[in-house]
Each structure stands twice: as structure tokens, then as C-alpha cells.
Amino acid sequence: MTTQLGSRIDATLGGVATAEARLAVTVGILLLTALIGWLLLPRAVRAGERVTADWIERFLDGRGESSIETLREAVPVSFGLRLLVGLLQLALFALAAVAVLTLWGRFSVVVAALPVAENAATIAGRALLSALLLGGAYVASDVLEEYVADLSDDSDRITAHQEQLLSRIMQVGLLVIAGVTVLGIWGVNLGGLLVGAGFLGIVLGMAARQTLGSLIAGFVLMFARPFEIGDWVEIGDEEGFVTEITIMNTHMRNFDGEYVVVPNDLVTNQAITNRSREGRLRIHMEVGIGYDDDPDIASDIAEDVLNEIDTIANNPKPYVIPSGFGDSAILLDLRFWIDPPTPQARWRSRATAVERIQNRFADAGISIPYPQRTVSSPPETAEADETVERVERFGDDGDGRASDRPA
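Going by the annotation in an unreviewed UniProt entry, the name recorded for the chain is Mechanosensitive ion channel family protein, with Halorubrum yunnanense given as the source organism. Heading Subcellular location (unreviewed entry) of the UniProt record for the chain holds this comment: "Cell membrane". Recorded in UniProt for the chain, the comment headed Sequence similarities (unreviewed entry) runs: "Belongs to the MscS (TC 1.A.23) family."

Take a look at the structure:
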């Protein structure tokens, strides 16, 4: 392409024969180059930058501001404009130099320098295009994240976990496409690269089976949705609130304020109890009364106490039923609901119920017995114990019989 351009310039300026005409044309080329390069070109670039910025702002509609601001901090607009103007000026001056050399019959010099200039222009074009692609992919990833967030706000079916996972998948896919395109621009053999990546993937897959298991489990959790961010869950031995769900791990905060990270493959292989899913939670308590007390009266008193506690839901109503015979008491089963289910409501309702039921039972004369144990002995054991006691008190005459003498 550059050779054809030089040939066209040679054909155009080859008709100028006299030295005076060549000098006049040379002065004209230099003046025109200075006029365009130093006056018109910077203004045209600034005007183009404003038009492009306005178009991008309208196209993005407020999305991607954080990534655009990051790019502006990394490459300020003033530096980018100066760089673009400098590159255009350099290209313009190179074109003017080719024209002047061709005009004075030095086209051989131009031909000798054209391959170097063509290579430099090719490398510069590839670098500029690669930078534009990577920068555009970075901004587009931010735009996709905000677009998915807006879509999630408009739909109740997309959870925060699905939103995060979908955003990450789209962003990774976009960056991979941009990276492959950049490699293609620089002439990298993608076939060999993909074969090497395949072998590397096999090796990494064998070495990181647990990591891949967590990754696959993250997708399973995304579609199964056993819990969401903010739910009160129990996973195996861990209990707390879900704070974050990533592709690899589930993050929780337990009731002691500890930060717990559970790999997703362990989450899917254990029983999951979600206490927030139904919006309410039933609590069981047990209290014992003496065998001499009336279970019906005690049940009515306990039900009245439960109905008076604010943290206990009235629908369904709490109820108390005799549930069995204990070692030292008749057992009453207390069942009530809390709505919404929170650990604070569970602890507060249980503590209040224990305190008030104990006071009301005491006022009504109903006992809450503690464990008791009665020890009895067979008759022969009792006689042997009595004989031992007499021997210890009065002594032995030697024939195995106790004497009446004091020891």
C-alpha cells in the first residue's frame, strides 16, 4: 500500500521540471503541512473527541462510569489527545517528506525507506487497535455488569447470587474474546495455542479436582437456589447469615461474629437448613411439672404466657400439650412461631417464655421438679448392714457374735 502511494506521488509530481517550480512546490508543501499539522489537526482532533465523547455518553446512558473514570486516570484525556495529534502530525510530515523527495528526484530514497515505514505503521496500527479493543472490552464489561444489575432489579427471579455469577461469566467471556482477537491481530497461531491450552487444562483439571468441584458446585447452587444472600442457614456444623456467594465459596457470618468461608463442593454435599425461606420458624420448648399437679391447668397457664409475648406470632397460635412422662415430672411440649425468623427473636422469645412461665407456675403453686432419685436395698442387704453396724459399735467376742461390751 505504501509503495503504491509513493508511485502515485511520483507520477503526480514528476511533471515539475524546472528548479524554480520545484522550489515553489516544496515551499507550498511545507506551508500546507505546517498549516494542517499545527493549526487544523489539533482542532479537528479536539472536535472529534468532543463528538465521540457525547456519542459514547448517549450510547452508554450513564453505564460504565467507573471503568471510564479508571481509564481516564490511567491514560488522561490530555495525554491521549497529545499522543493522537503527535501520531497524525508524524504521519503528515512523513507524507510531506515523501512528496518533497519525490519532487527532487530522490524517489529511490523513498523506496528504500518505505518497508521500514510500512513496518512501523503496521506495528503502530496493531498496537493502537489492540489498546482500543482492550479498553473497549474493559468498559463493556462494566456496562454488562450494570446492565445485569438493572435487569435483576426489574425481575424477582434473578437472585443476587445469579446476578453476580452471570455478570462474571459475561465479563470473562468478553475479555477472552477480546484477548483472542488481539492475539489474532498480532498473528499468533491460535491453533497451537488452543492445543497447548487443552493439554494444560487436562493437567490442571487432574491437579485441582477440588477446585473444579467447587466451581461446578457454584453453578449448581446458582440454579438450585437453596439459599440467598442474607438468609439464616445451617450448613453442616456452621450456622449463620449468608453474606456472599461466589463461584468457588459461600461466605457466612456466624453468631459469634466470625467470618466463615465454606467451599461450594462441601455446601452441596451437606444438609442445608434454611430458616429464612418460609418467612417464619416454629420453636419447641419443654417444661416439666410435678406428678401431683394438674397438666390441663399448667397447659392453660403456659399458653396464656406465650400469647402475651410480643416476639411470638399469633397466627398460628401457640399451644401446649402434655407430651410424656419423665423420670421426675410430667412433660409439657410448648410450640410457637416467630415471624420473621431471626436469631434475636428466637433467643428473646425463649428467654421470656422461661422467665414468665416460671413466675406464673410459682404463683399458681405448680412445681417444676428437679431430677430426684430414690435408693432402696433388698431385705438381706439391710440385715447385713445392721450386723456390720453392731460390730462396729460393740466389738466381736471372737466367735463371730457381737458382744455387749463397748468397743
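(A) Structural detail: the sheet that holds strand S6 (residues 281-289). Strand order in the open sheet formed by 3 strands is S6-S8-S7, and the pairing between neighbours is antiparallel. Looking along the sheet, the strands with just one partner apiece sit at the ends: S6 and strand S7 (319-325). For this sheet the average axis-to-axis angle between neighbouring strands, irrespective of direction, equals 30°. Here S7 runs beside strand S8 (residues 330-338); their pairing, made up of 6 bridges, is antiparallel. Paired with Gly 324 across the strands is Leu 331, a residue of S8. Packed onto the sheet, helix H11 (residues 343-364) meets S6 and S8 and runs at close to 25° relative to S6.

(B) Main features of the pairing of strand S4 (residues 259-263). Only one face of S4 is buried, namely the one carrying Val 260 and Val 262, since none of Tyr 259, Val 261 and Pro 263 on the opposite face is buried. Two elements, strand S3 (residues 249-254) and S4, share 5 bridges in a ladder whose sense is antiparallel. Counterpart to Asn 249 in the pairing with S4 is Pro 263. Hairpin remark: S3 followed by S4, antiparallel, with 4 residues in the connecting loop; positive phi at Gly 257, about 80°.

(C) Highlighting unusual backbone geometry. The omega torsion of the bond from Asn 315 to Pro 316 falls at 0°, within 30 degrees of zero and hence cis. Relative to the elements of secondary structure, Pro 316 occurs in the loop between helix H10 (295-308) and S7.

(D) Highlighting H10. Under the 1.5 Å per step criterion, the end-to-end length of H10 is 20 Å for 14 residues, consistent within 8% with the ideal 20 Å. Taken together, the buried positions of H10 are occupied by Ala 298, Ser 299, Ile 301, Ala 302, Val 305 and Leu 306. Projected down its long axis, H10 carries its buried residues within an arc of 165°, all on one side. Buried residues along H10 sit against S6, S7, S8 and H11.

(E) Inspection of the sheet that holds S4 at higher detail. Spatially, the 5 strands line up as an open sheet ordered S4-S3-S2-S1-S5, and their pairing is antiparallel. Among the strands making up the open sheet, the edge pair consists of S4 and strand S5 (272-274). Taken pair by pair, the neighbouring strands of this sheet meet at an average axis angle of 40°, ignoring direction. Alignment of strand S1 (residues 232-235) against S5, held across 3 bridges, turns out to be antiparallel.

(F) Representation of the packing of H10 against H11 in the model. For the pair H10 and H11, the least separation of the axes is 10 Å and the interaxial angle reads 140°. One element, H10, and the other, H11, form an angle in the oblique class. As for how H10 packs across H11, the hand of that crossing is right-handed. Between H10, through Ala 298, Ile 301, Ala 302, Asp 304, Val 305, Leu 306 and Glu 308, and H11, the contact on the second element is made entirely by Ala 353, Arg 356, Ile 357, Arg 360, Phe 361 and Ala 364. Considering only residue class, the contact of H10 with H11 consists of 9 nonpolar, no polar and 4 charged.

The rules behind each value
Residues numbered from 1 in each chain as written. Predicted model: local features only at pLDDT ≥ 70, side-chain atom pairs only at ≥ 80, totals over all residues. Heavy atoms only, no water. UniProt positions renumbered as here; feature names shortened; annotations may be inferred. Pairing = 2+ DSSP bridges. Helix = DSSP H or I, 4+ residues; strand = E, 2+ residues; numbered from the N terminus. Axes fitted to C-alpha atoms, helices over the stretch in contact; angles between N-to-C directions. Contact = heavy atoms within 4.5 Å. Buried < 20%, exposed > 50% of the residue type's maximum accessible area, 1.4 Å probe, protein only. Expected span 1.5 Å × (residues − 1). Arc of directions from axis to C-beta. Parallel < 35°, antiparallel > 145°, perpendicular 65-115°, else oblique. Left-handed = near helix turned anticlockwise from the far one by under 90°. Nonpolar A, V, L, I, M, F, W, Y, C, P; charged D, E, K, R; others polar.

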